[in-house]
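What follows is each chain in one-letter form.
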Amino acid sequence: MDGWTIAMIVLLAISIFFILLGTIGLHRFPDVYTRLHAATKTTTFGSIFLIAAVIVYGAFRLTEVSGDNAGSFMHLIGMSIIALLALLFTNPTGAHAIARAARRTGVEPEQAVIDDYREVK
Amino acid sequence: MLTFLMTFIGVFLLYLLMVLGTGDGGTFGYLFHWEELVAGLIISLVAAAIARTVLGKAENTKLFVRFPLFLVYIPVWFAALAKANLQVAVMVITGKIRPGIVRIEPGLKTNLGKTILANSITLTPGTLTVDAFDDREEMYIHWIKVKDTKTMDERIKGVCGSFAGWARRLAE
């Protein structure tokens, strides 16, 4: 195993660990809001490392191949960066939209010690 | 004019990123072929002319001007994201939570500042934005581990950490 492979394995392991924890949290937490905590944070963090692994793979193949084929791995890196940017913007926004919709339709936060939203009309 | 320039640069960079490595032009693809650059310039100019009022609102130009500060903000934000994930990991394993929805008034006036703060704290330790408003300064945050706080300042500190200050510096 060379350095590239080890780097990829480490990145993938970190990503899988956090996405797995997010999945467990999704089943373990009591209501929609706490579940969203597990779902958004861990999947964003996990996906950053997943995409980092793809970028490392692209860079690794770039060092191997040359000529006309090399472009496709450069393209892979470019597209991964666009995917990462899209994910970073849409993930928190989506979570916010779900939380807001849930609260507006009257889903109460379970085990809540405080709920200031009650007074909003 | 600044909004036009901002949209143009954004669209052009995105275009270059998508062209990177395409076709059979070698490692960088068609990126450094002049035909591709001219086509990209024309498309970006047209897109910027059409979309400048949508993407580049006058208040958003502040973020464009303060771009270096945004680059400093990224590692700060990433460190907070890493901390948030470890915290969620501990909560998933131990199951110790104390959730609640709290109201904060971070004193941000622009929509851009509110957006930055809302999205940042959704991805940082223990907090999730439930509601924010166009015309009001208050925000409602679902907090997974509520700490007892007396004053609003303490509460803002507990919920946002340094992010309220960052959003103010970036957008206001």
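Residues numbered from 1 in each chain as written. Chains lettered and ligands numbered in written order. Predicted model: local features only at pLDDT ≥ 70, side-chain atom pairs only at ≥ 80, totals over all residues. Heavy atoms only, no water.

Visitor: Please clarify how the pairing of strand β2 (residues 127-132) of chain B should be interpreted in this entry.
Guide: The side chains of a regular strand alternate between the sheet's two faces. Residues and elements named next belong to chain B. With five of six residues buried, β2 is to be regarded as a mostly interior element. With five bridges connecting them, β2 and strand β3 (residues 139-143) associate as antiparallel partners. Residue pairing for β3: T127 is matched across the bridge by W143. Between β2 and β3, which pair antiparallel in sequence order, lie six residues. (Buried < 20%, exposed > 50% of the residue type's maximum accessible area, 1.4 Å probe, protein only. Helix = DSSP H or I, 4+ residues; strand = E, 2+ residues; numbered from the N terminus. Pairing = 2+ DSSP bridges.)

Visitor: Got a minute to help me understand the nonpolar core in this structure?
Guide: Here is a general trend for soluble globular proteins: nonpolar side chains tend to be buried in one another's company. Ranked by size, the top nonpolar core spans 37 residues in total, and within it B:L117, B:V159, B:C160 and B:F163 carry the most contacts. The set of elements that each furnish at least two residues to this core consists of α1 (3-28) and α2 (32-64) of chain A together with α4 (67-94), β1 (100-104), α5 (111-122), β3, α6 (152-160) and α7 (163-171) of chain B. Of the residues forming this core, the biggest block, seven residues, is contributed by α2(A). Membership of the second largest hydrophobic core comes to eleven residues, among which are A:Y33, A:L36, B:I101 and B:F133. (Core = buried A, V, L, I, M, F, W, Y, C linked by side-chain atoms within 4.5 Å.)

Visitor: I tried to follow the sheet that holds β1(B) on my own but got confused; where do I start?
Guide: Spatially, the three strands line up as an open sheet ordered β1-β3-β2 (chain B), and their pairing is antiparallel. Each edge of the sheet is formed by a strand with only one pairing partner; in this case those strands are β1 and β2 of chain B. Taken over all neighbouring pairs, the strand axes of this sheet differ in orientation by 30 degrees on average, direction set aside. Relative to the sheet, helix α3 (residues 70-104) of chain A contacts β1 and β2 of chain B, its axis offset from that of β2(B) by approximately 60 degrees. Against the sheet, α6(B) contacts β1, β2 and β3 of chain B, and its axis sits at roughly 120 degrees relative to β1(B). (Axes fitted to C-alpha atoms, helices over the stretch in contact; angles between N-to-C directions. Contact = heavy atoms within 4.5 Å.)

Visitor: Even after reading the chapter, I still don't get the interface of chain A and chain B, so can you show me in this structure?
Guide: When the parts of a complex come together, some accessible area is lost, and that lost area is often taken as the interface size. Each partner contributes residues to the interface: chain A has 52 residues there, and chain B has 49 residues. Taking both partners together, chain A and chain B bury about 4100 Å²; carbon and sulfur atoms supply 71% of that area. Our enumeration of links across chain A and chain B arrives at two salt bridges. Taken together, the links from chain A to chain B amount to ten residue pairs in polar contact (both at pLDDT 80 or more). Counting residues per element, the ones that place at least two in the side of chain A that touches chain B are α1, α2 and α3 of chain A. (Buried area = accessible area lost by both parts, 1.4 Å probe. Salt bridge = Lys/Arg side-chain N within 4 Å of Asp/Glu carboxyl O. Polar contact = N/O pair within 3.5 Å; in protein donor to acceptor, adjacent residues only side chain to side chain.)

Visitor: What's the story with the side chain of B:E138 in this structure? I'm lost.
Guide: Residue and element names in this part refer to chain B. Tracing the sequence through the fold places E138 in the loop between β2 and β3. Among the polar contacts made by the side chain of E138, one reaches the side chain of R103 at a distance of 3.3 Å. Among all residues touching E138, those that are not within four sequence positions of it are R103, I104, E105, A132 and F133.

Visitor: Just checking my understanding: could you explain the domain arrangement of chain B for this structure?
Guide: Each domain of chain B was delimited in the assignment, giving domain 1 (2-56) and domain 2 (66-171). Here the C-alpha centroids of domain 1 of chain B and domain 2 of chain B sit 34 Å apart. (Domains from an automatic or database assignment.)

Visitor: I tried to follow the pattern of salt bridges on my own but got confused; where do I start?
Guide: Proximity of charged atoms lets side chains of opposite charge pair with each other. Taken as a whole, this structure holds five salt bridges over all chains when the rule is applied. For A:R61, the salt bridge is made with A:E64, and the minimal N-O distance between the two is 3.1 Å. One end of the pair is A:R61 and the other is A:E64, both in helix α2 and three residues apart, which spans about a single turn. A relative accessible area of 24% means that A:R61 is categorised as partly exposed. Among the ionic contacts, a cluster of salt bridges with common partners joins A:R100, A:R104 and B:D131.

Visitor: Sorry if this is basic, but what is going on with α3(A) here?
Guide: Helical geometry: 3.6 residues make up each α-helical turn, so side chains three or four residues apart lie on a common side. In a regular helix each residue adds 1.5 Å, so 35 residues correspond to 51 Å; α3(A) covers 51 Å between its end C-alpha atoms and thus fits that length. A:G106 occupies a position one or two residues after α3(A) and carries a positive phi of about 90 degrees. (Expected span 1.5 Å × (residues − 1).)

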